[in-house]
Amino acid sequence: MTDVQELLTQKDVLQAIRTAHEKNRIATQLLQDEIVKVYNNAVAPIPEAKTKWERYIGIARSAFGIWQGISLGLKIAGGFNSAFRRKR
């Protein structure tokens, strides 16, 4: 039995629709809260380093991130150049 058929078999169809809509709204809100939590964790600033080694690791991660960004930018620029290069 599908959801529509199940709703139509209820005594009060409108109340059943309202209840189903409320369940969907709650589920959507839970998913939205989860997405917001994951996004906030992804873009949260790195916590302050407490030891010398944590500071060194943070510097290494930052340098690696910069290197990845530069190499990705060069790959994108090379792709545009090869895609739009004039053939002679």
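Here, the structure is the one placed above.
Below is a summary of the structure that appears in this document. (Residues numbered from 1 in each chain as written. Predicted model: local features only at pLDDT ≥ 70, side-chain atom pairs only at ≥ 80, totals over all residues. Heavy atoms only, no water.)

**Quick notes on the overall build of the chain**
Counting its secondary structure elements, the chain contains three helices and zero strands. For the chain, the α and β elements follow one another from N to C terminus as α-α-α. Overall size of the chain, expressed as C-alpha extent along the three principal axes, is 70 × 60 × 20 Å. For the chain, the accessible area works out to roughly 8700 Å², and carbon and sulfur atoms hold 63% of it. Side-chain charges in the chain split into 14 positive and 8 negative, and the spacing between the mean points of these groups amounts to 20 Å. (Helix = DSSP H or I, 4+ residues; strand = E, 2+ residues; numbered from the N terminus. Areas by Shrake-Rupley, 256 points an atom, 1.4 Å probe, with all protein chains shown as cover. Lys, Arg positive; Asp, Glu negative; His and termini not counted. Charge placed at Lys NZ, Arg CZ, Asp CG, Glu CD.)

**Examining a nonpolar patch on the surface**
Together, Trp-53, Tyr-56, Ile-57 and Ile-59 give the surface a local cluster of nonpolar side chains, amounting to about 490 Å² of exposed area. Here Ile-57 lies in helix 3 (residues 52-84). Judged by its relative accessible area of 44%, Ile-57 falls in the partly exposed class. (Patch = residues over 30% accessible without salt bridge, like charges linked within 9 Å, V, L, I, M, F, W, Y side chains within 5 Å. Salt bridge = Lys/Arg side-chain N within 4 Å of Asp/Glu carboxyl O. Buried < 20%, exposed > 50% of the residue type's maximum accessible area, 1.4 Å probe, protein only.)

**Side note on the packing of aromatic side chains**
Inspection of every chain in the model, using the stated rule, returns three aromatic pairs. Ring geometry for Trp-53 against Tyr-56: centres 6.0 Å apart, planes inclined by 90°, an arrangement best described as edge-to-face. Within this pair, Trp-53 and its partner Tyr-56 are both found in helix 3, separated by three residues, close to a single helical turn. The class for Trp-53 is exposed, based on a relative accessible area of 63%. (Phe/Tyr/Trp six-rings, centres within 6.5 Å; stacked < 30°, edge-to-face > 60°.)

**Observations concerning the environment of Glu-48**
Secondary-structure assignment places Glu-48 in the loop between helix 2 (13-43) and helix 3. In this structure Glu-48 comes out as exposed when scored by relative accessible area, which is 70%. For the pair formed by Glu-48 and Gly-65, sequence separation is 17 residues and the distance between their alpha carbons is 18 Å.

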